[in-house]
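Chain and residue survey
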Amino acid sequence: MSISNKSVGRRSFLKSSVTTSGGMVLGFSWLASCRPASKEEVLAMPEQWFDINAYLKIGDNGVVTIYTPNPEFGQNVKTSMPMIVAEELDVDWKKVLVEMAPYNAELYGFQFTGGSRGIASRWEGLRKAGASARHMLKEAAAQAWQVSADEIKTTEGVLTHEGSGNSATYGEMAAAAAQIPVPEEVELKEVSEFKIIGHSKKNVDGKDIVTGKPLFALDHQAEGMLISMIVQPPAFGLRLKSISNADAVKAMPGIKDVFSIKTYSEGQEKGGFDTNAFPELVAVVGNSTWEVMQAKKALKAEWEPFAAYSETINGWRGSSTVNIPAGLENTTDHKAQMEALAAKPGNVVRRDGNPEEAFENAANVIERTYSAPYLAHNCMEPVNSFAQVKDGKVFIAGPLQAPGMIEPIISARLGIPVEDIDIEMTRMGGGFGRRAYSHYMVEAALIAQHVDAPIKLMYTREDDMTNGIYRPTYQATYRAALDENNNLLAIHVKAGGVPESPLFANRFPAGAIENYLAEEWSIESNITIGAFRAPRSNFMAGAEQSFLDELAETMGQDPIQFRLDLLKRAIENPVGERNDYDAERYTGVLELVKEKSGWGQGDAELHRGVSAYFCHNSYAAHVLDLSIKNGMPVVEKVTCALDCGIVVNPDAAVNMAEGGIVDGVGNAFFGEMTFVDGMPQKNNFHQYRMIRMGEAPKKIEVHFVQNEIDPTGLGEPPFPPIFGAVANAMYRATGTRHYRQPFLKDQRLLG
Amino acid sequence: MATLTLNINGERRQIDVDPATPLLWVLRDNLQLVGTKYGCGIAQCGACTVHLDKVAVRSCTLPVSAVGDKSIITIEGLSENGDHPVQKAWLEHDVPQCGYCQAGQIMSAAALLKENSKPSDEDIDAAMNGNICRCGTYTRIKAAIKTAAEMR
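This one's a predicted model, so the numbers in the text were calculated from it and none came from an experiment.

Focus on the pairing of strand E17 (residues 309-315) of chain A
Where strand E14 (residues 270-271) of chain A lies against E17(A), two bridges are found, and the strand directions are parallel. Residue A:Lys270 lies in a different strand from E17(A), and its bridge partner there is A:Ile313.

What about the sheet that holds strand E3 (residues 49-52) of chain B?
All names here are of chain B. Strand order in the open sheet made by the five strands is E2-E1-E5-E3-E4, with mixed pairing throughout. Sheet topology places strand E2 (11-17) and strand E4 (55-58) at the edges, where each strand pairs with a single neighbour. Within the sheet, the average angular offset between the axes of one strand and its neighbour, ignoring direction, is 45 degrees. Both E3 and E4 contribute to a ladder of four bridges, which runs antiparallel. In the sheet register, Thr49 faces E4, and the bridge partner there is Arg58. In the packing of helix H3 (residues 102-115) onto the sheet, the strands contacted are E3, E4 and strand E5 (71-73), and the crossing angle to E3 comes to about 35 degrees.

Some points on the domain arrangement of chain B
Residue and element names in this part refer to chain B. Each assigned domain of chain B is listed here: domain 1 (2-77) and domain 2 (85-151). Across the contact, 16 residues belong to domain 1 and 13 residues belong to domain 2. When the two sides are added together, the surface that domain 1 and domain 2 hide from each other amounts to roughly 1200 Å², 59% of it contributed by carbon and sulfur. Inspection of the domain 1/domain 2 interface yields zero salt bridges. At the junction of domain 1 and domain 2, the tally comes to five residue pairs in polar contact (both at pLDDT 80 or more). If one sorts the elements of the side of domain 1 that touches domain 2 by residue count, E3 sits on top with three residues. Its residues assigned to classes, the side of domain 1 that touches domain 2 shows seven nonpolar, six polar and three charged.

Quick word on the interface of chain A and chain B
Listed by partner, the interface residues are 61 residues for chain A and 52 residues for chain B. In this assembly, chain A packs against chain B so that about 4700 Å² is buried in total across both faces, 57% of it on carbon and sulfur atoms. Where chain A meets chain B, there are six salt bridges. Our count for the contact surface shared by chain A and chain B stands at 25 residue pairs in polar contact (both at pLDDT 80 or more). Counting residues per element, the ones that place at least two in the side of chain A that touches chain B are helix H6 (206-210), helix H8 (289-298), helix H13 (461-465) and helix H17 (650-669) of chain A. Residue contributions to the side of chain A that touches chain B peak at eight residues, all from H17(A). Here the residues of the side of chain A that touches chain B sort into 27 nonpolar, 20 polar and 14 charged.

Focus on the packing of aromatic side chains
Where two aromatic rings form a pair, the distance of their centres and the angle of their planes describe that pair. Applying the stated criterion across every chain yields a total of 27 aromatic pairs over all chains. Judged by centre distance (5.7 Å) and plane angle (65 degrees), the rings of A:Tyr586 and A:Tyr619 are edge-to-face. Here the residue A:Tyr586 occupies a position in helix H16 (residues 583-596), and A:Tyr619 occupies one in strand E29 (residues 618-629), the gap between them amounting to 33 residues. You'll find A:Tyr586 and A:Tyr619 in the same group, each marked buried. Here the aromatic residues A:Phe236, A:Phe278, A:Tyr374, A:Tyr470 and A:Phe675 are joined through ring pairs into a cluster of three or more. When the ring centre of A:Trp49 is taken as origin, the NZ or CZ atom of A:Lys57, which lies over that ring, is 4.8 Å away. We note B:Arg134 situated over the ring of A:Phe432; from NZ or CZ to the ring centre the distance is 3.8 Å.

Regarding the pattern of salt bridges
Under the counting rule described, the total for this entry stands at 43 salt bridges over all chains. A salt bridge links A:Asp219 to B:Lys37, with the nearest nitrogen and oxygen atoms 2.8 Å apart. Taken together, the residues span two chains, with A:Asp219 in the loop between H6 and strand E11 (226-231) and B:Lys37 in the loop between helix H1 (23-30) and E3. For the residue pair A:Asp219 and B:Lys37, the accessibility class agrees, reading buried in each case. Salt bridges sharing partners connect three or more residues here, namely A:Arg368, A:Asp549, A:Glu550, A:Glu553, A:Arg732 and A:Arg737.

Concerning the domain arrangement of chain A
All names here are of chain A. Taken domain by domain, chain A consists of domain 1 (2-209), domain 2 (217-309 + 383-458) and domain 3 (473-734). Buried surface at the junction of domain 1 and domain 2, both sides included, amounts to about 1300 Å², of which 63% is carbon and sulfur. The largest share of the area that domain 1 buries against domain 2 comes from Glu72, Phe73 and Tyr103, three residues that together contribute 50% of it. Here domain 1 is connected to domain 2 by one salt bridge. Run the count over domain 1 and domain 2 and you get three residue pairs in polar contact (both at pLDDT 80 or more). Taken together, the residues that form the side of domain 1 that touches domain 2 break down as 10 nonpolar, four polar and two charged.

Examining the packing of helix H11 (residues 403-414) of chain A against helix H12 (residues 439-451) of chain A
All names here are of chain A. Between H11 and H12, the shortest axis-to-axis distance is 9 Å and the interhelical angle comes to 35 degrees. The handedness of the crossing between H11 and H12 comes out as right-handed. Contact residues: H11 offers Ile406, Ile409, Ile410, Arg413 and Leu414, while H12 offers His439, Met441, Val442, Ala445, Leu446 and Gln449. Among the residues forming the contact of H11 with H12, the class breakdown is eight nonpolar, two polar and one charged.

Here is what the cut-offs are and how they apply
Residues numbered from 1 in each chain as written. Chains lettered and ligands numbered in written order. Predicted model: local features only at pLDDT ≥ 70, side-chain atom pairs only at ≥ 80, totals over all residues. Heavy atoms only, no water. Pairing = 2+ DSSP bridges. Helix = DSSP H or I, 4+ residues; strand = E, 2+ residues; numbered from the N terminus. Axes fitted to C-alpha atoms, helices over the stretch in contact; angles between N-to-C directions. Contact = heavy atoms within 4.5 Å. Domains from an automatic or database assignment. Buried area = accessible area lost by both parts, 1.4 Å probe. Salt bridge = Lys/Arg side-chain N within 4 Å of Asp/Glu carboxyl O. Polar contact = N/O pair within 3.5 Å; in protein donor to acceptor, adjacent residues only side chain to side chain. Nonpolar A, V, L, I, M, F, W, Y, C, P; charged D, E, K, R; others polar. Phe/Tyr/Trp six-rings, centres within 6.5 Å; stacked < 30°, edge-to-face > 60°. Buried < 20%, exposed > 50% of the residue type's maximum accessible area, 1.4 Å probe, protein only. Lys NZ or Arg CZ within 6 Å of the ring centre and 35° of its normal. Left-handed = near helix turned anticlockwise from the far one by under 90°.

Pasting the structure below:
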C-alpha cells in the first residue's frame, strides 16, 4: 500500500523537523517517571535522544519515546496510538516509552478526545509518523553503507542490508536519521504485515494506576498551592445576586479569600463547548480542602431569577442563536410539555413514499412512545483543574477533552495571548463527554489570577452532579402501518427533547421502508445539556430497537430475521439516497451476534433480547440474556458483535466494549436526574443510582468482525443499543414492555 | 488544630490538623499520599478506601481523630514494588480504563482476600458493591480478584 504523504500530517512533520531535526536532546530524569519503577522493568535510558519528528525520538541505545497526541480518559488511546506509530516504525514494543504529548495544535493538529474519532482521525497520520521515521533511518543507513535504501530491511529496531552484510540498530542510526529530510512519500505496511496492531498490549499506565501514582489533575501539587472551591446557584434559572457573609467566611480558619468570578466577559463570543448555566460563581480559597469545604458550607449567598435571554453560539456547524428562557423548571412540566408537542405535527426531516396514505389504508397501526430522563455524567474524578497565572503567563493542568476549544476562551477572558497559555492534558478520571465543556479551566485561571497564587479548583461531588451539561431528556413516538396480512407498509417516527431533538432521520430503518416519515420537535430550557457518550444515539437506539422488537413480534417474525430482512431491502434496493449507514456491515454484526450467541438455542430460564445500532461509523449488535432472581432482573450474559474496522489493541477494545455495555445496562436500569423548581433532585451517589458490581452482567463476550477497513469509532457504538437489548430481554422475562427509562426506577437503592 | 501521630504505611507521621478532618484529606493534603481518591465524600463510592488495621474503610468520612494508633495502609503502602497479588492480577487482566477508582477497588479487593482466600461470586459482589467503577470494569475486577486468590 502506498499513500501519498501530502495530505494529513505532512505539515506537522515538516514543522517539527524544522524546529527539532538534528536537535540533540539529552535524556533527563523526567523520563524515569513514565515507566514502572521496579528494576527489572525499567529500560536503560539512552545518553542522547534524537528527535525524528513530533511523534517520536530515538535514543542512542535504541529506546524509542513515542508521544501520544490525544487526551486519555480511559479509552486507552495512550497505548493504542503509540502502537500505530511503533508498527510502522517497526520497533520492538518492549523498547517503547510512551509520553503524553504537550498540547500544541501546530504540531499535533486537533488534540481532541470525543465522538469516537480518536483512532480513526489519527490512523493515517500516526502510521506516516512511524513510516517516515523508518524511511529516514533506512536513508541514513544507506548513506553510511553506500547502498540503496530500497535494499535495506528493518526488523524490530534493526536495519540490515543482506548484500553487504551490514546491520545497525535504530539507536546507532538515530543521530544520522535525524539529519535526513522528511520524505515526501512513504510506504505503509500491508495490513497482513502488522505485528503490533491487532496484538494486545497492556495499558502503558497500568502499573502507575495500580500503585496509586499521581496521574490525575486532582493529584497535582505545586509550591504554595491553595485549594479553591465554588459555590454555584442551587437551581437552574437563578444567578448570583450577592454574597451575604464574605467577611465572616474569610475569617474562618485557613481561608484566604472569598469573591465572585464571571466566566465570560461581557459580549464574549461563545463556541459550542462553552455551555455554562452558572457563568457567575462564588470562589472560596484557602489552605486545605477540609477548611475550604467548611467555609463553602458556611457561605451564604442571595440568588435571583434571571430574565430570558438569547445568545449567539459559534459552534461547529456555524453560528446560531440560542434562546434561554427564564424560570424554574420541573420534570413534571417537561413531561407535560413533551406530551403536548408530541401530539402536534413536528418539523418533517425526511419523507419517503407516501406515509400518510399508507397509514390511512393500514389494517393495523401500532403506536408506542418511549422516553428517557436527563442523565448526569458522574465521572469518578469530579470537575477540577490546577491553574497558575504568573508573569503574564497561564499554566493549567487539568482533565479536558478539547484543549483547542478552551484555550481561546481562556485567552479572551484573561486578556492573555494564547502563546502564553500552557495547558497540560492530565489523565482524566472519566470523561463521557463532560470534559469537552471545560469552563472550569477558565474559573481556575480567574481564581489563580485573583489570589495571585497557584490554585487547585475542585468541585465537590455535589457541585459536579448539580452543575448541568446533562444528557437531555427525550421522547420518541414510533408508529408502524401493517396491512391485513401483517406486511409492513410504513414507519413514522416523531422525536424530540428538552432542549434538542434526538432524531437521526437518515439512519436505519430509513432506507429499508417504502413509506417513511421522520419528524422532530424541541423545547427551550435553561437546564444545560451536553454531549454524553453517543449523544442522541444513546436514546434513539433504545427506542427504535424496542419498537422493532415489538413490531417483529406483532408480525410473527423472529426479531433478528426481521432486521436482516429489512437490511436486505436496504442493500438490494434502498429507499432514498441519504441513508448514512452501510447495510452490509449492519447485517454483518447481526449475523455474527446470531452465530456467537447461539440464537434460537436458548435456555428456558434465560430471556433474550437483541438489539443493533449504527453510530460513529461503527456497527454494534448485542444479545442480552436475562434471568429473574428474587424479583430482580439479573444480566447473565451479553454477547456483543462489533464492526469498527481494524482493531488496534484487541484486549483494550474488548475492555471498552465491556465498559459501554455495563454503562448501558446501568443507565437503562437506574440512570435518572430530575428537577423541582430548577433544582436537581440528586446530588450524590446515595441518591443517584449507579450500576455496581452485583448488578453488572455476569459475563460479557465481545466479537469483532474481521476486516481490513480503516478503524472507525469504538468508545460510543457499543453503548446505545444496550438499552434496547435490556428492554427486549425484560419483556421476554416479565411479559411487560418497558417504554420509560429508567426501567427499575422504583427499585431499592443500593449504597 | 491538634498535633497527631499516625501510623501510615509502616511509618509514623506527625501532622498538625483540625481533628475533625477526614483521613482522606489528611492523606492527600498533608501527607501527599494522593493515590487515595476523592469520589463522593459520603462513603458511597469507595474511591477513598484504605485499610485500618487490615479492614477496608472509607477514609472520606473517617475523622482523623478517630484513627488513634491503628495502622493505616494506603495504595502506596499495599506492597513495596507494586507486586501485591491483587495489583499483579489487575495488570494481568488489564483492568483499568480511566483508572481513577482503581486504588479503592484494589484496597477493597485486598481486604476481602485477607478475610476470605477463596471468595465466591456472591462474596465478591458483596465485598465490592461499595466501590463504583463508572467505566464499568466490573467483570474484569471480578476476574482479577479470582486470579489474585489463585496466586496467594
